[in-house]
Amino acid sequence: MNNNRRDFLKLSGLAALGGSAKWEIKDLATSMQVEQGKQVFNMSGYAAPKIETVRIGFIGLGNRGSGAITRVNRIDGVKTIAVCDIRKEKTDAALNALGKMGIQPIVYTEKEEAWKAMCDRPDIDLIYIATPWHLHTPMAVYAMKQGKHVAVEVPAATTLEECWQLVETSEKTKKHCMMLENCCYDFFELLTLNMARQGYFGEIIHAEGAYLHDLLDHNFTQSTYYQSWRLKENLRNGNLYPTHGLGPICQLLDINRGDQMDYLVSTSTNDFSMHPRAVELAAKDPFYQQFTNKSFRGNMNTTTIRTVKGKTMMVQHDVSTPRPYSRIHLLSGTKGMAVKYPDTKISDHHHNWISAAEMAELEKKYAPPIVAKIGELAKQIGGHGGMDFMMDWRLIDCLRNGLPLDQNVYDAAAWSSIGPLSEISVKNRSRAMNVPDFTRGSWKANAPVDITLAQGGTTGVKAQK
């Protein structure tokens with residue numbers, strides 16, 4: 001990491017606080033380092049050499065990884081070389097699932113750093129990471145240094161220091177680091193992106209996203225997350241999981257490719273459910289006693305972001321109250337708007353929601369090429385309704401055709417950075433926090449994400465055995 005840092009207080013927006021500032025020294029070291037200097041190499045638009053057969057190693061075979069191994073292996077031009085999980089029962093289950101597909105990978109298991117031995121293999125092109133959050137950056141950085149492209153689950157990083165590690169390593173190694181933000185490939189999100197590109201909504205001036213998903217029972221069930229890692233993450237107070245809602249609207253606003261997130265403010269409610277649940281369970285199970293003297297994050301976090309070009313975004317996070325699932329996905333432009341939850345609706349300049357028949361016509365007229373090509377097949381193969389498979393297929397197709405990825409390391413860093421930045425803002429009475437420019441200025445000329453399939457789109461899908 002370049003040691004030539006900009007002044008923390010000046011860039012963080014805390015300079016005016018004087019003696020009332022509540023930031024802690026650890027924020028300087030782990031959460032708020034801002035890089036100064038020139039970009040080593042621009043990974044936006046970078047096309048790595050073609051890989052005819054993408055040889056993959058999977059790390060993490062739990063909730064996300066167990067589905068990924070079978071989905072990815074339905075794609076032509078893929079070969080699974082190895083799988084890794086510290087739990088032997090997970091690698092055994094993976095072997096059983098892949099065995100039914102005629103695949104027999106090498107297994108790495110039962111040792112804390114078995115994944116490193118897998119990354120060291122010279123016969124792997126891509127490392128696919130689906131582990132607990134705190135392992136994402138260390139694994140991704142190590143894999144890139146071993147000459148591997150990386151696909152890493154969300155969020156890619158939990159501190160700004162980690163965000164910069166990802167950026168610097170990707171630039172120096174010229175290896176892709178894609179965060180697996182599957183919601184960018186959901187059908188309505190892709191539809192609105194294509195419509196926006198063709199001017200249907202006019203100039204988009206505001207967008208909203210969220211992750212509103214009641215996980216209270218899951219977090220307090222020891223069998224759901226290995227060693228209750230996700231419950232422990234909730235001891236941080238901020239927007240801990242921003243990218244599902246944020247990723248699609250960043251693409252709508254061409255963030256990192258024509259515009260840039262400038263600063264944010266973040267506010268959290270108190271916690272009204274997590275600590276009471278810990279106390280309730282501790283009375284029956286000693287395991288939960290470790291949480292009875294802890295402070296959990298506020299139930300609802302609302303973070304607002306302003307871009308350099310004067311657009312705004314609102315991103316919410318609530319995983320501990322009983323509300324229906326929603327990512328909101330709202331966009332507002334000078335000629336119309338769209339919203340996904342609780343119902344998919346589009347408004348035109350007449351200020352009315354269009355009819356179901358008109359919606360069907362729009363879906364037909366503006367169907368994104370990727371949806372037209374593999375959308376129905378993706379729904380059959382699955383993964384959150386098919387968006388996971390479209391994401392995996394697009395990743396492999398880009399690698400096989402030597403094309404830039406839809407999501408690059410700057411997206412991984414910028415979208416993930418909202419987590420630690422929101423934490424510091426909440427801690428300091430919702431003070432404005434500058435969002436680092438991980439592109440170091442190249443956002444002004446970077447091309448928008450290509451959604452045309454004008455290049456590539458040549459990768460097939462294997463029939464189910």
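Residues numbered from 1 in each chain as written. Predicted model: local features only at pLDDT ≥ 70, side-chain atom pairs only at ≥ 80, totals over all residues. Heavy atoms only, no water.

### Observations regarding the nonpolar core
Note the threshold: By convention a nonpolar core is built from buried Ala, Val, Leu, Ile, Met, Phe, Trp, Tyr and Cys residues, the set being connected through side-chain atoms within 4.5 Å. Whether a residue is buried, partly exposed or exposed follows from its accessible area with a 1.4 Å probe, protein chains only, as a fraction of its type maximum: under 20%, in between, or over 50%, in that order. Any two residues whose heavy atoms approach within 4.5 Å are treated as being in contact.
Membership of the largest hydrophobic core comes to 123 residues, with the highest contact counts inside it found for M261 and I346. Those residues in contact with M261 that lie beyond four places of it in its chain are C250, I255, I305, R306, T307, M313, A414, W415, I418 and V435. Within the second largest apolar cluster, nine residues are counted, among which are F220, M274, Y288 and F296.

### Remarks on the environment of A97
Counted only if it meets this: By definition, any uninterrupted DSSP run of H or I lasting at least four residues is a helix, any uninterrupted run of E lasting at least two residues is a strand, and each is numbered from the N terminus.
With respect to the secondary-structure elements, A97 resides in helix α4 (residues 88-99). Residues A97 and I69, spaced 28 residues apart in sequence, show a C-alpha to C-alpha distance of 8.5 Å.

### A short note on the sheet that holds strand β14 (residues 433-434)
Whenever strands of a sheet pair, they do so through backbone hydrogen bonds, lying parallel or antiparallel. Formally: By definition, two strands form a pair when at least two bridges between them are found by DSSP. Axis geometry follows a simple rule: fit a line to the C-alpha atoms, using only the stretch in contact for helices, then measure angles between N-to-C directions, giving values from 0 to 180 degrees.
Strands sit in the order β13-β12-β11-β7-β10-β9-β8-β14 across an open sheet of eight strands; the sheet is mixed. Edge positions in the sheet fall to β13 (345-347) and β14, since each of these pairs with one other strand and no more. Of the pairings in the sheet, the one linking strand β7 (residues 204-212) to strand β11 (residues 330-333) comprises four bridges and is antiparallel in character. Bridged to A207 within β11 is L331. This element, helix α11 (residues 243-252), spans β7, β8 (261-268), β9 (301-307), β10 (312-318) and β11 of the sheet and lies at about 160 degrees to β7. Across the sheet, helix α16 (residues 409-427) lies against β8, β9 and β14, angled at about 50 degrees from β8, the strand it touches most.

### Quick word on the packing of aromatic side chains
Each aromatic ring pair is summarised here by two numbers: the centre-to-centre distance and the angle between the ring planes. For the record, the criterion: To pair, rings of Phe, Tyr and Trp, with the six-membered ring standing in for Trp, must have centres within 6.5 Å; the planes then decide the type, stacked if under 30 degrees apart, edge-to-face if over 60, and tilted in the middle.
The full count for this structure, using the stated rule, is 17 aromatic pairs. Residues F220 and F296 carry aromatic rings whose centres are separated by 6.1 Å and whose planes lie at 55 degrees to one another, so their mutual orientation is tilted. Pair noted here: F220 is in the loop between α9 (216-219) and α10 (229-233) and F296 is in the loop between α12 (274-282) and β9, with a separation of 76 residues, a long-range link. An angle of 35 degrees between the planes, with centres 6.2 Å apart, marks the rings of F291 and F296 as tilted. The two residues F291 and F296 agree in class, both being buried.

### Observations regarding the UniProt feature "domain: Gfo/Idh/MocA-like oxidoreductase N-terminal" (unreviewed entry) in the chain
As a reminder of what qualifies: UniProt positions are given in the numbering used here, feature names are shortened, and annotations may be inferred rather than shown by experiment.
Following the UniProt record, one finds the feature "domain: Gfo/Idh/MocA-like oxidoreductase N-terminal" (unreviewed entry) at residues 54-179. In residues 54-179, helix accounts for 40% and strand for 23%; the two terminal C-alpha atoms are 18 Å from one another.

### Re helix α14 (residues 369-381)
Using the following cut-off: Helices are assigned an expected span. That span is 1.5 Å times one less than the residue count. Fitting one axis to the seven residues ending at a residue and another to the seven starting there, the bend at that residue is the angle between the two axes.
Given a rise of 1.5 Å per residue, 13 residues ought to cover 18 Å, and the 18 Å separating the end C-alpha atoms of α14 matches this to within 8%. Bending of α14 peaks at approximately 60 degrees at the position of G375. Residues I370, V371, I374, G375, A378 and I381 constitute the buried set of α14. On the buried face of α14, the contacting elements are α3 (65-72), α8 (187-197) and α15 (387-401). Just past α14, the residue G382 takes up positive phi, approximately 95 degrees.

### Side note on the sheet that holds strand β5 (residues 149-152)
One open sheet holds the six strands; their spatial order is β3-β2-β1-β4-β5-β6, and the pairing between them is parallel. Strand pairing shows two members of the sheet lacking a second neighbour, β3 (106-109) and β6 (177-179), which therefore form its edges. Strand-to-strand, the axes of this sheet are offset by a mean angle of 20 degrees, without reference to chain direction. For strand β2 (residues 78-85) and β3, the ladder comprises four bridges, and the chain directions are parallel. When the sheet's bridge partners are listed, D85 is paired in β3 with T109. Sheet contacts for α3: β1 (54-59), β2 and β4 (126-129); angle to β1, the most-contacted strand, approximately 165 degrees.

### Notes on the environment of F188
Tracing the chain through its elements places F188 in helix α8. Along the chain, F188 and K364 lie 176 residues apart, while their C-alpha atoms are 12 Å from each other. Apart from residues no more than four positions distant in its own chain, F188 is found in contact with H329, A338, V339, K340, T344, K345 and I346.

### Topic: helix α6 (residues 136-145)
Most of α6 sits out of view: seven of its ten residues are buried. Those residues of α6 lying buried are H136, T137, M139, A140, V141, A143 and M144. Elements in contact with the buried residues of α6: β1, α5 (114-119), β4, β5, α7 (160-173) and β6. In the stretch just after α6, G147 is the one whose phi turns positive, near 85 degrees.

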